[in-house]
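Commentary on secondary and tertiary structure
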Amino acid sequence: MDFDSAKQVFEKYLDGYDRENDKVRLKIVHTYGVVEQSAAIAGRLGLSQEDKELAGIIALLHDIGRFEQLRRFDSFLPDTMDHASYGVELLFGKQGMIRRFVPEDTWDGVIRTAIARHSDFALEGITDGRELMHARIIRDADKLDNCRVKLEDDFETFLGAPAEEVSLSAITPKVREDALAGRSILSSDRVTPMDYWVSYLVYFYDLNYRASLDIVEENDYVRRLIHRIPYLDPDTGRVMEELENRLIKYVSEAKKRIVKGEDKMEKYLGENIPKLGFGLMRLPMDGEKIDVARTQEMVDRFLEEGFCYFDTAYGYNDGESEAVAKKVLVDRYPRDRFLLATKLPAWAGAKNREEAERMFYTSLERTGAGYFDFYLLHNLGQERTRFFDDYDIWNFLKERKKEGLIRHLGFSMHDKAEALDRILTEHPEMEFVQLQINYADWEDPDIESRKCYETARKHGKPVIIMEPVKGGTLADPPREVKEILAEADGNASPSSWAIRFAASLDGVITVLSGMSNMEQMEDNLSYMKDFAPLSEAEQQVIKRARDMYASFPKIPCTSCAYCMKGCPKQIGIHGIFQAYNLYTMYHDLSGARHKYQWNTEGRGFAKASACIRCGKCEQVCPQHIHIRDELARAAEALEG
Ligand code: SF4
Ligand code: SF4
């Protein structure tokens, strides 16, 4: 897929039409205007390069049916031809013209849906996340360029009546009522020229993205459009003044609603979920057991402040977390007051399909929840994914979803972007993914936070974020990082920076925080109750903190694993270096030891102390790392 090549083909296609014709010329200008607006929206949404190209190509082709409509009928009126359907027929029908623009068929579904639905009265019934996103982008871009058209072009051209005639006409009651009530205008309700004019102005109600509303405000489109003509009918003048105030208020309030996650644009999977979720994996402890009374207090406080998402797992605290969720949450609150997520770890001890499937029913019984709002295949990636394949847990869970025992099905994952891309390609039915994302790991080549996030978004999947504070390490950063954060805002905790960074990303369902005491909870609630995404200046602070982390001493291992192929002792070299880096960069000894154990014996490799210093590894390491010496240091710090 390449926008520039598609544009060349489009230009050749236009050669078949009369470019001198005013209406044809207008449509060409409009097409490129929409391309520009699509690029602006896609850029502000931070989409991947692939989605940006896709948005551009959809914009280029969205009105392709218009040219034939003009040739045959010399009219834009919908009763002459449904130009969107005709465009789809042209591209995907017998002629299959789409292959001239995009050689691969990978994106056919997305392109087809976006073009077919771009001029529908309302956008409903699209279930695929990526198709929906592109359908929304093209609709917004189309409307934004229409602002330009309606500001620049003659009324005669787009309304069939001169401006004076429009300004003298009245607005019919139904159109006035809908416009002032915040509703779009049905084509069939438009009678007078003013009705048509008003119907274009209320396009603003239908915008989907905050980015689009920002563009409207930055260009002062509402005021400029409304004041384009004088309203000579006094009654019309009053309505237009009221409409102007209504629209300006709408744009500004819609932006705030999007920020708070209360608007259609920030709802994912039909949910209306605040951006902070309670992770039930590090609950307060009373000796070896979870402290139920303190957990209950925290759960009550969390719900009291309007939050509702709880995340547990089959394996957390050997199942005790699920059982405590029943006691403090499920047994004490109406089922529709909270959302409960849990996870199935098919790789954790299940010897066969039946045992893996039983985990689902055990969770159902332990929590007493009746059904799960979100259910996840737990911790895919590396050698763990095959257990879900071997036991066909994918289809097992799809069946449970059909039975209503699962509302939304997804998976969590600790692996790199390539593996995530593969799984999402093989399992497009997954509705969401849960990823480890934090600002420090954003560019880390071992973790690929950013790349994983972009991969999920490329597949149109919303994201639940786990470990936003990197297992607690970003809550207590080294002095140099603390100073950067404190200098920017002396009152904000280091955790608040980390959680707000995660929650500021587009397409996030919620950000999980594994809160262990009321103090942490109060801190989280203080800035997430009225959550505001990071400003541009705050993003710069995060960047400086990240750069500071990156400047700390680190073994520059790229995890290529060449060294491990010839190691006679099968030492888990790159996993050991990951754990050791965690220790040297974040001073997190217990986290590093945990990771060390998991990356060595946990995955069938030997520890650093088993090294016999044969030196074979160093002969092949492309980074020229002194592997033997580093292993010795890691063994000293992390073993014993
Ligand atoms: S020096 Fe140690 S780590 Fe390297 S290949 Fe030999 S035994 Fe393995
Ligand atoms: S060969 Fe070098 S860079 Fe590659 S995994 Fe081994 S230590 Fe890391």
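Numbers given for residues are sequential positions, taken from 1 along each chain in its written order. Key to labels: chains lettered from A, ligands numbered from 1, both in the order written. Totals for whole chains, interfaces and linings use every residue, but because this is a predicted model, local features are given only for residues with pLDDT of at least 70 and side-chain atom pairs only at 80 or more, for both listing and counting. Just so you know, side-chain values use all the structure's heavy atoms and leave hydrogens and water out.

**Looking at the pattern of salt bridges**
The condition is simple: For this document, the term salt bridge refers to a Lys or Arg side-chain nitrogen within 4 Å of an Asp or Glu carboxyl oxygen. Think of it in three bands: with a 1.4 Å probe and only protein chains considered, a residue is buried below 20% of the maximum accessible area for its type, exposed above 50%, and partly exposed in between.
With the rule as written, the count across this model stands at 57 salt bridges. Salt-bridge contacts for Lys-326 lead to Asp-331; the nearest nitrogen and oxygen are separated by 3.1 Å. Judged by relative accessible area, Lys-326 falls into the partly exposed class, the value being 27%. The structure contains a network of salt bridges with shared partners spanning Lys-174, Glu-177, Asp-178, Arg-183 and Asp-189.

**Points about helix H24 (residues 494-503)**
Short version of the rule: To qualify as a helix, a DSSP run of H or I must reach at least 4 residues; to qualify as a strand, a run of E must reach at least 2; elements of each kind are numbered from the N terminus. The contact criterion used throughout is that any non-hydrogen atoms of two residues lie within 4.5 Å.
With ten of its ten residues buried, H24 lies for the most part within the structure. Within H24, burial applies to Pro-494, Ser-495, Ser-496, Trp-497, Ala-498, Ile-499, Arg-500, Phe-501, Ala-502 and Ala-503. In this structure, the buried side of H24 is in contact with strand E9 (463-466), helix H23 (479-488), strand E10 (508-513), helix H25 (518-528) and helix H26 (536-551).

**Looking at the site of ligand 1**
Worth spelling out the cut-off: Near, as used in this document, describes a residue that has one of its heavy atoms within 4 Å of the molecule or strand being considered.
Lining the immediate environment of ligand 1, one finds 13 residues, of which Cys-567, Cys-611, Cys-614, Gly-615 and Cys-617 sit closest. Of all elements in the fold, only helix H30 (616-620) and helix H31 (627-638) reach the threshold of two or more residues within the shell around ligand 1.

**Some words on the nonpolar core**
Selection criterion: By nonpolar core is meant a set of buried Ala, Val, Leu, Ile, Met, Phe, Trp, Tyr and Cys residues that side-chain atoms within 4.5 Å join together. The start and end points of each domain follow an automatic or database-based domain assignment.
Membership of the largest hydrophobic core comes to 113 residues, with the highest contact counts inside it found for Phe-278, Phe-310, Phe-360, Leu-377, Phe-411 and Tyr-439. For this core, the element with the highest residue contribution is helix H28 (residues 573-586), accounting for eight residues. Lining this core are residues from two domains, each supplying at least three of them: domain 3 (274-549) and domain 4 (562-638). Core analysis: the next-biggest nonpolar cluster, separate from the first, contains 83 residues, Tyr-17, Leu-45, Val-102 and Ile-171 among them.

**A word on the confidence of the model for the chain**
Applicable threshold: What pLDDT reports is the predictor's confidence in each residue, on a scale of 0 through 100.
Residues at a pLDDT of 70 or more form 97% of the chain, whose mean pLDDT is 90. Below pLDDT 50 for its whole length, residues 259-267 participates in 27 contacts with residues either more than four positions away or in separate chains.

**Considerations on the packing of helix H17 (residues 320-330) against helix H18 (residues 353-367)**
Here is the rule: Helix axes are fitted only over the stretch in contact, all axes being lines through C-alpha atoms; the angle between N-to-C directions runs from 0 to 180 degrees.
Where H17 contacts H18, the two axes come as close as 7 Å, and the packing angle between them is 35°. For the pair H17 and H18, the contacting residues are Glu-322, Ala-323, Lys-326 and Val-330 in the first and Ser-363, Glu-365, Arg-366 and Thr-367 in the second.

**Let's talk about the sheet that holds strand E8 (residues 432-436)**
Counted only if it meets this: At least two bridges found by DSSP between two strands are what make those strands a pair.
Spatially, E1-E4-E5-E6-E7-E8-E9-E10 is the arrangement adopted by the eight strands of the closed barrel, whose pairing is parallel. The mean inter-strand angle of the sheet, taken between neighbouring strand axes irrespective of direction, is 25°. As judged from the four bridges shared by strand E7 (residues 406-413) and E8, these two strands associate in the parallel manner. Looking at E8, one finds that Phe-411 is bridged to Val-433. Strands in contact with helix H20 (residues 393-402) are strand E5 (339-344), strand E6 (372-380) and E7; relative to E7, the strand with the most contacts, it is inclined by about 155°. Contacts from H24 reach E9 and E10, with the element oriented near 160° to E10.

**Quick look at the domain arrangement of the chain**
As far as domains go, the chain holds domain 1 (1-153), domain 2 (154-266), domain 3 (274-549) and domain 4 (562-638). Using only C-alpha atoms to locate each centre, domain 2 and domain 3 end up separated by 41 Å.

**Concerning the environment of Arg-130**
Following the sequence through the fold, Arg-130 ends up in helix H8 (residues 129-152). Assessed through its relative accessible area of 10%, Arg-130 is described here as buried. It is 22 Å that separates the C-alpha atoms of Arg-130 and Asp-373, two residues lying 243 residues apart in sequence. Apart from residues lying up to four places away in sequence, Arg-130 is in contact with Glu-50, Asp-51, Leu-54, Trp-107, Val-110, Lys-458, His-459 and Gly-460.

**A closer look at the site of ligand 2**
Selection rule: Classification used: nonpolar for Ala, Val, Leu, Ile, Met, Phe, Trp, Tyr, Cys and Pro, charged for Asp, Glu, Lys and Arg, polar for all others including Gly.
Neighbouring ligand 2 are 13 residues; Cys-557, Cys-560, Ala-561, Cys-563 and Cys-621 lie closest to it. Residues belonging to the shell around ligand 2 are distributed by class as follows: nine nonpolar, four polar and no charged.

**A word on the pairing of E6**
Most of E6 is tucked away, with nine of its nine residues classed as buried. Of the strand pairs in this sheet, E5 and E6 are connected by four bridges, and their pairing is parallel. Each residue of the ladder has a partner; that of Ala-341, found in E6, is Phe-374. Bridge count for E6 against E7 is six bridges, and the pairing is parallel. Across the sheet, the residue bridging to Leu-376 is Gly-410, located in E7.

**Some details on the side chain of Ser-321**
Under the convention used in this document: Counted as a polar contact is a pair of N or O atoms within 3.5 Å, where, for protein atoms, one must be capable of donating a hydrogen and the other of accepting one, and residues adjacent in sequence contribute only when both atoms are in side chains.
Inspection of the secondary structure assignment puts Ser-321 in helix H17. Among the residues examined, Ser-321 registers a relative accessible area of 1% and is labelled buried. There is a polar contact of 2.7 Å between the side chain of Ser-321 and the side chain of Thr-312. Setting aside anything within four residues of it in sequence, one finds Ser-321 in contact with Leu-280, Leu-283, Ile-290, Thr-312 and Tyr-316.

**Re the packing of aromatic side chains**
Note the cut-off: Only Phe, Tyr and Trp rings take part, Trp by its six-membered ring, and two of them pair if their centres are within 6.5 Å. Stacked means planes under 30 degrees apart, edge-to-face means over 60, and tilted covers everything else. Whether a charge sits over a ring depends on NZ of Lys or CZ of Arg being within 6 Å of the ring centre and within 35 degrees of the ring normal.
A full pass over the atoms with the stated rule returns 27 aromatic pairs. When the centroid spacing of 5.1 Å and the interplanar angle of 90° are considered together, the rings of Tyr-205 and Tyr-250 count as edge-to-face. In this pair, Tyr-205 sits in the loop between helix H12 (193-201) and helix H13 (210-218) while Tyr-250 sits in helix H15 (residues 234-260), placing the two residues 45 residues apart along the sequence. Note on accessibility: Tyr-205 and Tyr-250 belong to one class, buried. Through pairs of rings, three or more aromatic residues link up here, namely Tyr-439, Trp-442, Tyr-453, Phe-501, Tyr-549 and Phe-552. If you follow Lys-150 out to its NZ or CZ, it ends over the ring of Tyr-200, 4.3 Å from the centre.

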